[in-house]
Amino acid sequence: MASSGGELGGVFDHHVQRAVCDTRAKYREGRRPRAVRVYTINLESRYLLIQGVPAVGAMKELVERFALYGAIEQYNPLDEYPAEDFTEVYLIKFMNLQSARTAKRKMDEQSFFGGLLHVCYAPEFETVEETRKKLQERKAYITRTTKNKDHHMTKKKLVTELKDTKDFRQDFHSRTSGPCAATLNTSTGNSDPCLPYSCELPLCYFSSKCPCSSGEHMGWASDSSWSGRNRAGTVEHCMHNDSSQKIQMKPFKNSLACPGAQKATTSSEAVDRFMPRTTQLQERKRRREDDRKVGTFLGTSTSSNAVMIGPLLPHIPKVDMHDDSLNTTANLIRNKLQEVFHLCPNLQKTSWKMCVQVVH
Amino acid sequence: MAQKPKVDPHVGRLGYLQALVTEFQETESQDAKEQVLANLANFAYDPSNYPYLRQLQVLDLFLDSLSEENETLVEFAIGGLCNLCPDRANKEHILQTGGIPLIINCLSSPNEETVLSAVTTIMYLSSPGSGSPPELTAMPVVQCMLRFSLSANTRLRNLAQIFLEDFCSPSQVAEARTWQAHSALGIPLPRTEAPQQ
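Residues numbered from 1 in each chain as written. Chains lettered and ligands numbered in written order. Predicted model: local features only at pLDDT ≥ 70, side-chain atom pairs only at ≥ 80, totals over all residues. Heavy atoms only, no water.

- Chain B goes by Armadillo repeat containing 7 in an unreviewed UniProt entry, where it is assigned to Mustela putorius furo.

- Looking at an unreviewed UniProt entry, one finds chain A named RNA-binding protein 48, with Mustela putorius furo as its source organism.
- Regarding chain A, the UniProt comment filed under Subunit (unreviewed entry) reads as follows: "Component of the minor spliceosome. Within this complex, interacts with ARMC7 and PRPF8/PRP8."
- Comment text from UniProt for chain A, heading Sequence similarities (unreviewed entry), reads "Belongs to the RBM48 family." (UniProt positions renumbered as here; feature names shortened; annotations may be inferred.)

Some thoughts on the overall build of chain B
Right, on to step 1. Counting its secondary structure elements, chain B contains 11 helices and zero strands.
Right, on to step 2. If you list the helices and strands of chain B from N to C, you get α-α-α-α-α-α-α-α-α-α-α.
Right, on to step 3. The proportion of buried residues among the 197 residues of chain B is 63%.
Right, on to step 4. At a minimum sequence separation of 6, the contacts of chain B that also span at least 24 residues come to 69%.
Right, on to step 5. Looking at chain B as shown, the accessible area adds up to about 7,000 Å², and 54% of this sits on carbon and sulfur atoms. (Helix = DSSP H or I, 4+ residues; strand = E, 2+ residues; numbered from the N terminus. Buried < 20%, exposed > 50% of the residue type's maximum accessible area, 1.4 Å probe, protein only. Contact = heavy atoms within 4.5 Å. Areas by Shrake-Rupley, 256 points an atom, 1.4 Å probe, with all protein chains shown as cover.)

Describing helix α2 (residues 97-107) of chain A
All names here are of chain A.
Right, on to step 1. Burial within α2 is extensive, with nine of its 11 residues counted as buried.
Right, on to step 2. Regarding α2, the residues found buried are Leu97, Gln98, Ser99, Ala100, Arg101, Thr102, Ala103, Lys104 and Met107.
Right, on to step 3. At the N-terminal boundary of α2, the capping side chain belongs to asparagine 96, with an oxygen 3.1 Å from the backbone nitrogen of glutamine 98.
Right, on to step 4. Once α2 finishes, glutamate 109 follows within two positions and takes phi at roughly 70°, a positive value. (Polar contact = N/O pair within 3.5 Å; in protein donor to acceptor, adjacent residues only side chain to side chain.)

Details of the packing of aromatic side chains
Right, on to step 1. Taken as a whole, this structure holds five aromatic pairs over all chains when the rule is applied.
Right, on to step 2. Between the aromatic rings of tyrosine 16 of chain B and phenylalanine 43 of chain B, the centroid separation amounts to 5.8 Å while the plane-to-plane angle is 70°, which identifies the pairing as edge-to-face. Of this pair, tyrosine 16 of chain B sits in helix α1 (residues 10-26) while phenylalanine 43 of chain B is found in helix α2 (residues 30-43), placing the two residues 27 residues apart along the sequence.
Right, on to step 3. Of the residues examined, phenylalanine 43 of chain B reaches a relative accessible area of 4% and is grouped as buried.
Right, on to step 4. Directly above the ring of tyrosine 45 of chain B sits arginine 138 of chain A, whose terminal nitrogen or CZ lies 3.9 Å from the centroid.
Right, on to step 5. In this structure, lysine 33 of chain B is placed above the aromatic ring of phenylalanine 24 of chain B, and the distance from its NZ or CZ to the ring centre is 4.9 Å. (Phe/Tyr/Trp six-rings, centres within 6.5 Å; stacked < 30°, edge-to-face > 60°. Lys NZ or Arg CZ within 6 Å of the ring centre and 35° of its normal.)

A closer look at unusual backbone geometry
Right, on to step 1. One non-glycine residue, glutamate 109 of chain A, lies in the positive phi region at around 70°.
Right, on to step 2. By secondary structure assignment, the location of glutamate 109 of chain A is in the loop between α2 and β4 (111-112).
Right, on to step 3. A relative accessible area of 38% means that glutamate 109 of chain A is categorised as partly exposed.
Right, on to step 4. Even without being glycine, glutamine 57 of chain B reaches a positive phi, approximately 60°.

Thoughts on the sheet that holds strand β1 (residues 47-54) of chain A
Residue and element names in this part refer to chain A.
Right, on to step 1. Pairing in this open sheet of four strands is antiparallel, and the strands run β2-β3-β1-β6 from one edge to the other. At either end of the open sheet lies a strand with only one pairing partner, and these are β2 (72-77) and β6 (118-121). Averaged over all pairs of adjacent strands, the angle between strand axes in this sheet comes to 20°, irrespective of strand direction.
Right, on to step 2. The sheet contact formed by β2 and strand β3 (residues 87-94) spans five bridges and is antiparallel. Directly across from asparagine 76, in β3, lies its bridge partner leucine 91.
Right, on to step 3. Strands β1, β2, β3 and β6 of the sheet are contacted by helix α1 (residues 59-67), whose axis makes an angle of about 150° with β2.
Right, on to step 4. The strands touched by α2 within the sheet are β1, β3 and β6, with β6 carrying the most contacts at an inclination of about 150°. (Pairing = 2+ DSSP bridges. Axes fitted to C-alpha atoms, helices over the stretch in contact; angles between N-to-C directions.)

Some words on the pattern of salt bridges
Right, on to step 1. Under the definition given, this model contains 16 salt bridges over all chains.
Right, on to step 2. Between arginine 155 of chain B and glutamate 113 of chain B there is a salt bridge, with the nearest N and O atoms lying 3.0 Å from each other. Here glutamate 113 of chain B lies in helix α8 (residues 112-125) and arginine 155 of chain B lies in helix α10 (residues 154-167), a separation of 42 residues in the sequence.
Right, on to step 3. Residue glutamate 113 of chain B is classed as buried on the basis of its relative accessible area of 10%.
Right, on to step 4. Among the ionic contacts, a cluster of salt bridges with common partners joins Arg46, Glu73, Lys93 and Glu130 of chain A. (Salt bridge = Lys/Arg side-chain N within 4 Å of Asp/Glu carboxyl O.)

Next comes the structure, spelled out in structure tokens:
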């Protein structure tokens, strides 16, 4: 992957437009033909390099076009950058990374004043501090997104005392990472509870000395430990859920040597008090089926086969309401009550009389 | 991003990822392997995919691919790891499955992107202070970063500087400097070095 200075876009390899891949299998062909490339946080940047701009004095229009995707901090032509005849190269710096990502996606290969723009990231223009901030924001974003998902998942599971403290900590955490959250308008477009914070978009964000950057440096350090404590309770849940679903899906069968011992520990770490959703659903389904088997719908007596345990309930004479549907309803309720009291004998003494009064 | 926009619900997503993993395991074409690995590595950018990727053991797939002879596969694999390692669960998995030596090896790759991804991954796997696995700030690594911090490659220089400032103690850096003066360090700089801006 040698680079040569004289070629077009040849100053850096990552500026070179790669050939589109035409050998993709059908099932994974995208909507647009794309090259084979991996985008990491290193490659992405607030700085965009735009090549192929026709030299017709249209800098203003170019910047206006890009500004549709987000606020631009600065822009300038790059006169020393190798360019095709009659074209210019520009550098545009966005206020935030997400705008740059969107702009790149939308504007790459777009026509502009008769020419075809080639837009790429230019991370080499970043200062050390900008790079540092970029990495920290990425980590904060992931921590926040995963924490929200975990929180959403744990809500559906059996609640433990962990939840109360977790809620408190989450609120606290989202407050501390609020300004940092401002950068990301979530490409996933999910319902990010932190969005109200980013809507505020504190003015600090537009100033070059953003107070959150110093706060973030601490966040770089405290974030991991903070999220560590916060997530300690949730990681097992997450992993347990995954391992329970493994039975349904084919796992990656590794032909190369793989430390199987480590895999075993993750599923054995699973805490029994949490029932994964699928198991709860199955549990409810099983109960429903058991109910149906008991055949209560038509008011048939609970059984000649059932073993009678506990004191015999007083036989309440059934009132005929002189109406089929009303009788059916009454029978249904009566039978349901009987069922419930079979399961919860404690209720009998107090509630039975109350319910009976209602039914009759 | 080289990734088509999400349209299908996550049920379709898991099936798609499963198909990718299957193709990677079964195909004999290097091109197809590269394409699939790139696809998976790009999916690793989005946190909403992490449960699926863990379920399908894609993290292990990435780690295994670091030992491939094909440099492109290594580049894409370490890129994928770099994308997903800031997540705590993923990070723990990587640490538990002995991923550190494999990632440190990538520092000596001739491929620029591989080295950059490796440096960033090491940073994300470290926690400032005493929580970090000691191998991540071992002498050879710190010395390597010292050399990178003098590189003409701005991106590499920036990353190395951040590593030395945020993840190493001043004494570690000083010690590495002293050692470096005496030893002939074997980790070369990546081949693709850009001229100074």
